[in-house]
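Residue strings, one per chain:
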Amino acid sequence: MATLSVKPGQRFTLPDWHTNSHLISADAERQRSASHQVRQEARALRNETNNQTKWDEHDNRTRLAERISSVNRWKETLDKCLADIDAEIDALAKVKEAAERALQAKNLPLDVSIECLTLRESRRAIDVVRDPVEEELHKEVKVIDKAKRELQQKVNEAFEQLCLLQEARQQLSCDHRRKMEALEIDHVCLSLNVNSPNISFKVNPTRVPDGSTAPDEWEQNSQCNKEHAEAEMKASTELREATVLAIAQANNELEAQRVATEFALRKRIRDLERAYDELKWQEQNTLEEIAEMEEDIRRLEEDLRRKMQDLKVAHTRLETRTYRPNMELCRDQVQYGLTDEVHQLEGTIRALKQKLAESQDALDALYRQLHRIQTDTGYKANSLVLDNKCMDSRRKLVVPAEKFVPEVDTFNRTTNRALSPLKNGQLELA
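Reading the values: rules and limits
Residues numbered from 1 in each chain as written. Predicted model: local features only at pLDDT ≥ 70, side-chain atom pairs only at ≥ 80, totals over all residues. Heavy atoms only, no water. UniProt positions renumbered as here; feature names shortened; annotations may be inferred. Helix = DSSP H or I, 4+ residues; strand = E, 2+ residues; numbered from the N terminus. Buried < 20%, exposed > 50% of the residue type's maximum accessible area, 1.4 Å probe, protein only. Contact = heavy atoms within 4.5 Å. Areas by Shrake-Rupley, 256 points an atom, 1.4 Å probe, with all protein chains shown as cover. Salt bridge = Lys/Arg side-chain N within 4 Å of Asp/Glu carboxyl O. Phe/Tyr/Trp six-rings, centres within 6.5 Å; stacked < 30°, edge-to-face > 60°. Lys NZ or Arg CZ within 6 Å of the ring centre and 35° of its normal. Patch = residues over 30% accessible without salt bridge, like charges linked within 9 Å, V, L, I, M, F, W, Y side chains within 5 Å. Lys, Arg positive; Asp, Glu negative; His and termini not counted. Charge placed at Lys NZ, Arg CZ, Asp CG, Glu CD. Polar contact = N/O pair within 3.5 Å; in protein donor to acceptor, adjacent residues only side chain to side chain. pLDDT = per-residue confidence, 0-100.

- The protein is annotated in an unreviewed UniProt entry as Tektin of Oceanites oceanicus.
- Check the Sequence similarities (unreviewed entry) section of the UniProt entry for the protein; it says "Belongs to the tektin family."
- Of the protein, the UniProt comment under Subcellular location (unreviewed entry) reads exactly: "Cytoplasm, Cytoskeleton, Cilium axoneme".

## A few points about the overall build of the protein
Move 1: Counting its regular elements, the protein contains 8 helices and 0 strands.
Move 2: Going residue by residue from the N terminus, the α and β elements of the protein occur as α-α-α-α-α-α-α-α.
Move 3: Counting every position in the protein, which comprises 430 residues, the buried fraction comes to 25%.
Move 4: When contacts within the protein are restricted to residue pairs at least 6 apart in sequence, long-range pairs at least 24 apart make up 88% of them.
Move 5: On the protein, roughly 30500 Å² of surface is accessible, and the fraction owed to carbon and sulfur atoms is 55%.

## Points about the pattern of salt bridges
Move 1: Overall, the coordinates contain 22 salt bridges when judged by the stated rule.
Move 2: Taking the shortest distance from any N to any O, the salt bridge between R30 and D27 comes out at 2.2 Å. Separated by 3 residues within a single helix, R30 and D27 lie in helix 1 (residues 14-105), roughly one turn from each other.
Move 3: Exposure remark for D27: the relative accessible area of 34% places this residue in the partly exposed category.
Move 4: Between K146 and E150 there is a salt bridge, and its shortest N-O distance comes to 2.8 Å. Of this pair, K146 and E150 are both found in helix 3 (residues 132-191), 4 residues apart, which corresponds to roughly one turn of the helix.
Move 5: A residue is classified by how much of its surface remains accessible, and E150, at 27% relative accessible area, is partly exposed.

## A word on the packing of aromatic side chains
Move 1: By the definition in use, this model includes 0 aromatic pairs.
Move 2: In this structure, R67 packs its charged tip against the face of W218, placed 3.9 Å from the ring centre.

## Section: a negative patch on the surface
Move 1: Taken together, the side chains of E288, E289, E292 and D296 make up a negatively charged region of the molecular surface.
Move 2: When you line up the elements, E292 lands in helix 5 (residues 267-321).
Move 3: Taking the relative accessible area as the measure of exposure, E292 reaches 47% and is therefore partly exposed.

## Details of the environment of E167
Move 1: By secondary structure assignment, the location of E167 is in helix 3.
Move 2: Overall, the relative accessible area of 43% leaves E167 in the partly exposed class.
Move 3: In this structure the C-alpha to C-alpha distance between E167 and E232, which are 65 residues apart in sequence, comes to 9.7 Å.

## Overview of the side chain of K96
Move 1: With respect to the secondary-structure elements, K96 resides in helix 1.
Move 2: Here E100 takes part through its side chain, which lies 2.6 Å from a polar atom of the side chain of K96.

## Regarding the environment of E341
Move 1: Residue placement: E341 occurs in helix 6 (residues 333-395).
Move 2: Overall, the relative accessible area of 30% leaves E341 in the partly exposed class.
Move 3: In sequence terms E341 and L311 are 30 residues apart; their C-alpha atoms lie 8.1 Å from each other.

## A short note on the confidence of the model for the protein
Move 1: Taken residue by residue, the protein gives an average pLDDT of 79. The fraction at 70 or more is 78%.
Move 2: When pLDDT is averaged over each helix and strand of the protein, the minimum, 32, is found for helix 7 (residues 412-415) and the maximum, 89, for helix 1.
Move 3: The model gives residues 123-129 a pLDDT under 50, and that stretch makes 5 contacts with residues more than four places away or in other chains.
Move 4: Low pLDDT, under 50, characterises residues 393-430; the stretch is placed with 41 contacts to residues that sit more than four places away or in other chains.

Right under this line is the structure:
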C-alpha cells in the first residue's frame, strides 16, 4: 500500500477554484486597464509638454529678438548722441580757443593806448589839456578792459561747460558700452539651442540678481542720460552763440573806438563803416543760414524719400497679407498696426512736403535778401572809398608830400600790422 510522504495541504472546493481564477482574470484586466490609462496619460503629457516647451522656447526667442532690437535702437540713439556731443565739444573748444585768441589780441591795443596816454603826459604848458583825444584814449582803455573781462568770463564759462559736456559724454559712453555688452550677451543667448556644446545646468538660475532693474527704470536711465546730454549740448550751443557774439561785439566796439581815437573820422565815415560792418555781419549770417537751410532741405528730401520707401513697405505688407487663406485672413493686431502705420506715414509725408515747400520759400527769400545785402554792401563800400578819397585829397593841404612817410619807432608793432585797404586809407588821414 502506497503512503504519502507529505501531509496534504488544505483542500479547496471547486467554487473556490473558479472564484480564484475569476479574481486573477479580473485583476489582470484591471491592471491592463490601469496600464493603458497610464500610457495614454503619458502620451498626452508628452505631447502637451513638448508643445509647451516648443512654444515657450519660441516665445522667449521672440522676446530675445525684440529685446535685442530695443537695445539696438537705444544703442543707435546713443551713437548719434555721442557723435553730436563730440561735435559740440569740438565746436565749443574751437570757440573757446577763438575767445582766448581774441582775449590775447586785446593786449596790444591796451599797451598802445596806455603808451599813448603816457607819451601825452610829456605835453607842456597850455597843451596839457584834457582834449577829445585824451578822452577817447581813456574811453578806449575802459572799452578794452570791459571786453577783456567779458571775454575772460566767456572763456571760464566755456571751460566749465566743456567739463559738463565731458561728464555727460562719459555717462553716455558708459551706457553705450553696457548696451554693447548686453547686446553681445543676448546674441549669445539667442544663438543657443539643445545642440550647443556649452549648455549645462546652473545653480539657482531663476534667482533675481542684485542690482536688477525694471524695464521702466532701464528705459528711464537711458532717457535721462540722453536728455541730460541734449540739455548740456543746448546750453553749450547757447554759450557758443553768446561767446561768438561777445567776440564780435568786443571786436566791433574796440574797432569803433580805435577808429574814433586814432583817425578822428567824420560822422559820416563812422556811420558808413558801422553800416558796412553790420551788412557784412548780416551777409555772413545769411550765408550761414542759407547753407543750413539748404542742408535742412536736403535732409527733408532724404526723409521724404525714406518715408516713401517705408510707405511702400507698409503697403506691400498689407497687400501681401490679403492672400492669407480662409480663416487666416484675420484682422489681427498686425493688420490694425499696419493700417495705422500707413495713415501715420501718409500724414508724415504730407507734413514733410508742406515743410519742404515752406523751407524752399524761406530759402528763396534768403537769396533775395542776400542779393539786397550784397547790393547795399557795394553801395556802402563805394561811399567809403569816395569819402576817403575826399579826405585824402584834403590831406595834401596839411601834410607835405615829402613828410608822408610812416615813421617806425616805439610803435613798430602797430605799423607792422596788416591792415585792409580801407584802414590804410584811414591811417593816411591821421
